[in-house]
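Per-entry structural report
Listed here are the chains, written in short residue letters.
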Amino acid sequence: MTDRPHRGTIFVHDAEVVEQREYPGSQFILTVNAPECARTAGPGSFAHISCDPGLPMRRPLSIMTADPESGELVFLYKIVGEGLTLLSQKNKGDRVSVLGPIGREFWPVPGRGHALLIGGGVGIPPMVFLADRLRKAADAERRPLVLMGSELPFPFELKPSGIDVPGIPASADQGLAMMESWGVPSRLASLAGFDGCHHGYVTDLAREWLATLGPRELDDVAVFACGPTPMLAATAALAADFGLPCQVSLEEFMACAVGGCAGCAVPVRTDQGVAMKRVCVDGPVFEAGSVFPPCLLY
């Protein structure tokens, strides 16, 4: 691996908008045609998108799905500020500049065949992408378990899950229809009182499930997460409590997104001590304990 693995792997597309759908809570799902990015993107990578010709600063959006055959990229975002407001006004046939894929992806954990995926809010997209990638590589007995939390209505078709997950409360029976069609078990959590969702944080739901596993089962689990910083810190603490490896994808404001400005740098523990690492190209995926040290989790 080179010390600059992002060099020569980032593409710029004058991408056509294929579809844009609005969902409650100012949430949007945007589909664009960006063939080279779709061909090389992986779970955890993102794109830097120009929202409008009159707004020079791009916005980073996590990639939710990438189809190498159709060349389509799909993003889920929530309007925050002027840029995403302008992006939400794009219609089919409009064009947006897409720079990507960018960033370090989630990586396999040797000897850990059961992946627990935890997504919160706009941190859900990388978990969808990772679930799709893992289910294509795993047999039916080792599909990932996907847990998602949101205080806004989930921008997906939901249905009572037909996939049994021992250890999950019976009251949490709603899953994503898309995951059901993939044969991937999923469950939802919220404090908003949505029917069929666990009432509480998604990390609480994960803790309930993990607490039902025996030592041998726990030895097979690895945790992957993306979401707001408090949720990631809670996930890191959860993984530490159960002695599980955990990777987290950070969300940070960024200007250039290609490592030049260092505006997204965060402190990360390394073998040589604490170093400032750029979320855009050194991440966004990091080992949880390196960005949420155990001594800071309690």
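Predicted model, so just to flag it, every value in this text is computed and none were measured. Position labels on residues start from 1 in each chain and follow its written sequence. Reporting in this predicted model follows two pLDDT cut-offs: at least 70 for local features of residues, and 80 or more for side-chain atom pairs to be given and counted; totals over whole chains, interfaces and linings ignore these cut-offs and use all residues. Hydrogens and waters are ignored; side-chain quantities use all the structure's heavy atoms.

Going along the chain from the N terminus, every DSSP run of H or I of four or more residues is numbered as a helix, and every run of E of two or more is numbered as a strand. Structurally, Pro245 can be placed in the loop between helix H7 (229-242) and strand S14 (246-249). C-alpha separation for the pair Pro245 and Arg112, spaced 133 residues apart in sequence, amounts to 8.8 Å. We call two residues contacting when some pair of their heavy atoms lies within 4.5 Å. The contacts of Pro245, once residues within four sequence positions are left out, are Val109, Arg112, Val221, Ala222 and Val223.

A few words on the confidence of the model for the protein chain. Every residue carries a pLDDT, the predictor's confidence in it, which falls somewhere between 0 and 100. Mean pLDDT over the protein chain stands at 92; residues scoring 70 or higher make up 94%. The model gives residues 1-5 a pLDDT under 50, and that stretch makes zero contacts with residues more than four places away or in other chains.

Moving on to the packing of aromatic side chains. Working definition: a ring pair exists when centres of Phe, Tyr or Trp rings (six-membered ring for Trp) sit within 6.5 Å. Plane angles under 30 degrees give stacked, over 60 give edge-to-face, the rest tilted. Here the structure, examined in full by the defined rule, presents three aromatic pairs. Where Phe106 meets Phe224, the ring centres are 5.9 Å apart and the plane angle is 80°; that geometry is what we call edge-to-face. Of this pair, Phe106 sits in the loop between strand S6 (95-102) and strand S7 (114-120) while Phe224 sits in strand S13 (residues 221-226), and the two are 118 residues apart along the sequence. Residues Phe106 and Phe224 agree in their burial class; the two are buried. Both rings, one in Phe154 and one in Phe194, keep their centres 6.5 Å apart while their planes meet at 65°; by these two values the pair is edge-to-face. With Phe154 in the loop between strand S8 (145-149) and strand S9 (158-160) and Phe194 in the loop between strand S11 (186-190) and strand S12 (198-199), this pair connects stretches of sequence that are 40 residues apart. To sort residues, take the accessible area from a 1.4 Å probe on protein chains only and compare it with the maximum for the residue type: under 20% means buried, over 50% means exposed, and anything in between is partly exposed. Residue class for Phe154 comes out buried when judged on its relative accessible area of 8%. Residue classification places Phe194 among the partly exposed positions, given a relative accessible area of 26%. Comment: the charge-over-ring label is applied if NZ (Lys) or CZ (Arg) is within 6 Å of the ring centre and within 35 degrees of the ring normal. Above the plane of the ring of Trp107 lies Arg104, whose end atom (NZ or CZ) is 4.0 Å from the centre.

Further remarks concern the nonpolar core. By size, the foremost hydrophobic cluster in this structure holds 42 residues, and its most contacted members are Leu116, Ile118, Trp209, Leu210, Val248 and Leu250. Excluding residues that lie within four positions of it along the chain, Leu210 makes contacts with Leu116, Leu218, Val221, Leu238, Phe242 and Leu244. Joining through side-chain atoms within 4.5 Å is the link that ties buried Ala, Val, Leu, Ile, Met, Phe, Trp, Tyr and Cys residues into a set, and such a set is a nonpolar core. Ile29, Ile124, Ala222 and Val285 belong to the second-largest nonpolar core, a separate cluster that totals 26 residues.

Moving on, we come to the packing of helix H5 (residues 202-210) against H7. Geometry is summarised by axes, namely lines fitted to C-alpha atoms with helices restricted to the contacting stretch, and by angles between N-to-C directions that run from 0 to 180 degrees. At a minimum axis separation of 10 Å, H5 and H7 run at an interaxial angle of 15°. As the angle between them shows, H5 and H7 are arranged roughly parallel. Once H5 is placed against H7, the crossing between them reads as right-handed. Packed against H5, whose contacting residues are Val202, Thr203, Ala206, Arg207 and Leu210, the element H7 presents Met231, Ala234, Thr235, Leu238, Asp241 and Phe242 at the interface. Gly falls in the polar group here, along with every residue not listed as nonpolar (Ala, Val, Leu, Ile, Met, Phe, Trp, Tyr, Cys, Pro) or charged (Asp, Glu, Lys, Arg). Counted by class, the contact of H5 with H7 contains seven nonpolar, two polar and two charged residues. We call two directions roughly parallel when the angle between them is under 35 degrees, roughly antiparallel when it is over 145, roughly perpendicular when it lies between 65 and 115, and oblique otherwise. For a crossing to be left-handed, the near helix must be turned anticlockwise from the far one by less than a right angle; the clockwise case is right-handed.

Time to look at the pattern of salt bridges. Any two side chains of opposite charge can pair, on the condition that their charged atoms come close. We count a salt bridge whenever a side-chain nitrogen from Lys or Arg sits within 4 Å of a carboxyl oxygen from Asp or Glu. Counting across every chain of the model gives seven salt bridges. Residue Glu19 pairs with Arg21 through a salt bridge whose shortest N-O separation is 3.0 Å. Notably, a salt bridge pairs Arg207 with Asp241, separated by 3.0 Å at the nearest N-O pair. Highlighted residues: Arg207 in helix H5 and Asp241 in helix H7, separated in sequence by 34 residues.

Most of S11 is tucked away, with five of its five residues classed as buried. Of the two faces of S11, the one lined by Ser186, Leu188 and Ser190 and the one lined by Arg187 and Ala189 are each fully buried. Think of it this way: DSSP has to see at least two bridges between two strands before they count as a pair. In the sheet, S8 pairs with S11 via four bridges, with the strands oriented parallel. Opposite Met148, over in S11, you have Leu188 as the bridge partner. As paired strands, S11 and S12 are joined by two bridges and run parallel to one another. Bridge pairing in S12 links Ala189 to His198.

Attention now goes to the pairing of strand S1 (residues 11-23). The sheet contact formed by S1 and S6 spans six bridges and is antiparallel. Following the sheet pairing, Val12 is matched in S6 by Leu99. Examined bridge by bridge, S1 and strand S2 (residues 27-33) share seven bridges and lie antiparallel to one another. Bridge pairing in S2 places Glu19 opposite Thr31.

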